Each structure stands twice: as structure tokens, then as C-alpha cells.
Amino acid sequence: NAGVMQNPRHLVRRRGQEARLRCSPMKGHSHVYWYRQLPEEGLKFMVYLQKENIIDESGMPKERFSAEFPKEGPSILRIQQVVRGDSAAYFCASSPLDRMDSPLHFGNGTRLTVT
Amino acid sequence: AQTVTQSQPEMSVQEAETVTLSCTYDTSENNYYLFWYKQPPSRQMILVIRQEAYKQQNATENRFSVNFQKAAKSFSLKISDSQLGDTAMYFCAFMKRASGTYKYIFGTGTRLKVLA
């Protein structure tokens, strides 16, 4: 039973380029969350998605950032025109439906470096 | 708004000793869950222990136990017989469900170093 899969593990982009981060949730999980972790800081909520729906994007910057979770395929976090301040570790987590007592299962994260 | 506070940025403990990491939270909700996650240098987030707010009994998982004080909104983690592999960042997290959405809020973490 594979866990939450994130790729790539490391991503280097120059300023102005686009970054695409992928997340495949655990089998049977239909809730996906994206978090950002800046160096020496905790996890900050960005967005919560279910299949084909964005449920809560209150933590995501209004510009340049977007997320999707299509009916087929992984969830994608997309950052357009990256800037140095976007350098961080981005974590995806998933949980099953209707299990409030089920904790988040995290992927290993994608470390984005903007040069 | 819910907040989670971890007031100890760094702690250290001798191997085989006991250490307690503190966490307080602020909420007006009555039904929620609390979690402790561990993040070793590998960066993976690993669930350590969880507590349901309506349960009086403190959760225990092997060497890990919590002291849950609902009235004080405190949720500390006790690690007994500390091992070198316990060296990691520890995050306290609060979760509730509202209007069909799950809300998880994390603290800023405590960096624990276990000394040989």
C-alpha cells in the first residue's frame, strides 16, 4: 500500500519560470492538502482539495499560485513566475473521506529552490 | 481563529532520559482532535500520537504519551527513555471538522536533540 507520493523530490527553477509539483494521494484517499514549510518554520496551510473541487484555498497566495486535483491523475500545485521567496519545502498530505479521526498522511515533500 | 503555540523552539535531552514538549492551543470548539507529528532530518512527517478532545484518558503509544488538559487547552508530549532516533522536529497540530471541511493547524515546532 503505497503512501503519499510526491515528485520531484527536488526542483530548481530560475526566477520567472514555472514550477509544477505533483502529489498522488494514498489509495482510497480523496482529500488532498498542500502545505508550505519555510526554513526553520512550521507548516503553513495552503489549499485543500477534493476530486475536481477546491474546498479551501484560504492559505494560498492569490497570484501566481494555483492547485488542481483532477478526476484522473495526481494533484498539481503550480507556481507561475517563481520568485526567490517561493523557495521552500512543499508538502502534500491526504486523508480518507469521512474519517475525522484519521490523521494526515504526508508525502516526503518537494524542495523548491529558486535561483 | 484557531492557533497552536509551541513555546520551546529547541530542547535537548540525554539518551534514556525523559523529556516533555509543550503545546497550547486556542479554540472555542468542543469537538476536535490533536496530533503530534515528528519530522526527522529526512524531512518526512511521521505521526507520533493523537488525542480526541472528548476523551478524558491521555493517549499513549509505547514511549510516547500526552498530557491533555482540555480546560487549560494544553497538549504536551512526553517522551520516555529517549533514543538517538528521536532527534527531530516535533509539531503539534489541531484539527476540527466544520461544514464538511477539515482544518488542520500546525504549531511552529520544537527541535529536539537527543544527546549520547
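To be clear, the structure that these remarks concern was listed above.
All values derive from a computational prediction rather than experimental measurement.

*Asks:* Any details on the overall build of chain B? Residues and values, ideally.
*Replies:* Helix and strand counts for chain B come out as zero helices and 12 strands. Across chain B, helices and strands are ordered from the amino to the carboxyl terminus as β-β-β-β-β-β-β-β-β-β-β-β. Judged by the C-alpha coordinates and their principal axes, chain B covers about 45 × 30 × 20 Å. Long-range pairs, those at least 24 residues apart, make up 54% of the contacts in chain B between residues at least 6 apart in sequence.

*Asks:* For the overall build of chain A, give the residues involved together with the corresponding values.
*Replies:* When helices and strands are counted, chain A shows zero helices and 11 strands. Computed over C-alpha atoms, the radius of gyration of chain A comes to 13 Å, within 12% of the 13 Å expected from 2.2 N^0.38 for 115 residues, which places it in the range of a compact globule. The buried share among the 115 residues of chain A stands at 45%. Charged side chains in chain A number 17 positive and 12 negative. The centres of these two groups are separated by 8 Å.

*Asks:* Give me the lowdown on the layout of surface pockets, citing residues and values where you can.
*Replies:* One number sums up the size of the largest pocket: a volume of about 320 Å³. What lines the largest pocket is a set of 16 residues, among which Gln37 of chain A together with Gln39, Pro40, Met89 and Arg111 of chain B lie closest to the centre. If you list the elements that add at least two residues to the lining of the largest pocket, you get β10 (88–98) and β12 (110–115) of chain B. Split by residue class, the lining of the largest pocket holds eight nonpolar, three polar and five charged.

*Asks:* Just give me the short version of the state of the cysteines, but keep the residues and values in it.
*Replies:* All names here are of chain A. All chains considered together, the criterion is met by two disulfides over all chains. The disulfide partner of Cys23 is Cys92, and the gap between their sulfur atoms is 1.8 Å. Negative torsions about the S-S bond denote left-handed disulfides, and the value of about -55° found for Cys23 with Cys92 makes this one left-handed. Linking Cys23 in strand β3 (residues 19–24) with Cys92 in strand β9 (residues 88–95), this pair joins segments that are 69 residues apart in sequence.

*Asks:* Can you explain the environment of Cys92 of chain A? Please cite residues and give values.
*Replies:* All names here are of chain A. With relative accessibility at 0%, the residue Cys92 sits in the buried group. Each C-alpha atom of the pair Cys92 and Leu77 lies 9.3 Å from the other, and the pair is 15 residues apart in sequence. Discounting residues that sit within four places of it in the chain, Cys92 has contacts with Val4, Gln6, Cys23, Val32, Tyr33, Trp34, His105, Phe106 and Gly107.

*Asks:* Provide a residue-level description of the interface of chain B and chain A, including the pertinent values.
*Replies:* When the parts come together, some accessible area is lost, and that loss is often what is quoted as the size of the interface. Listed per partner, the contact involves 25 residues of chain B and 31 residues of chain A. Both faces considered, chain B and chain A share a buried interface measuring about 2,200 Å² in area, 52% of it formed by carbon and sulfur atoms. The interface formed by chain B and chain A contains zero salt bridges. Counting every contact that joins chain B to chain A gives five residue pairs in polar contact (both at pLDDT 80 or more). Within the residue set of the side of chain B that touches chain A, elements represented by two or more residues are β5 (33–39), β6 (46–52), β10 and β11 (101–106) of chain B.

*Asks:* Any details on unusual backbone geometry? Residues and values, ideally.
*Replies:* With an omega dihedral of 0°, the bond running from Asn7 of chain A to Pro8 of chain A counts as a cis peptide bond. Relative to the elements of secondary structure, Pro8 of chain A occurs in the loop between β1 (5–7) and β2 (10–13). At Asn62 of chain B, a position not held by glycine, the phi torsion is positive, near 55°. Mapping Asn62 of chain B onto the fold places it in the loop between β7 (60–61) and β8 (64–69). Residues other than glycine seldom take positive phi values, yet Asp81 of chain B does so here, at roughly 50°. As for its placement among the helices and strands, Asp81 of chain B is situated in the loop between β9 (74–79) and β10.

The rules behind these values
Residues numbered from 1 in each chain as written. Chains lettered and ligands numbered in written order. Predicted model: local features only at pLDDT ≥ 70, side-chain atom pairs only at ≥ 80, totals over all residues. Heavy atoms only, no water. Helix = DSSP H or I, 4+ residues; strand = E, 2+ residues; numbered from the N terminus. Contact = heavy atoms within 4.5 Å. Rg over C-alpha atoms; globule rule 2.2 N^0.38 Å. Buried < 20%, exposed > 50% of the residue type's maximum accessible area, 1.4 Å probe, protein only. Lys, Arg positive; Asp, Glu negative; His and termini not counted. Charge placed at Lys NZ, Arg CZ, Asp CG, Glu CD. 1 Å grid on protein atoms, 1.4 Å probe; cavity = no way out; pocket = protein on both sides within 12 Å on 5 of 7 lines; lining within 4 Å. Points joined across faces, edges and corners; volume = space filled by probe spheres on them. Nonpolar A, V, L, I, M, F, W, Y, C, P; charged D, E, K, R; others polar. Disulfide = S-S within 2.5 Å. Buried area = accessible area lost by both parts, 1.4 Å probe. Salt bridge = Lys/Arg side-chain N within 4 Å of Asp/Glu carboxyl O. Polar contact = N/O pair within 3.5 Å; in protein donor to acceptor, adjacent residues only side chain to side chain.

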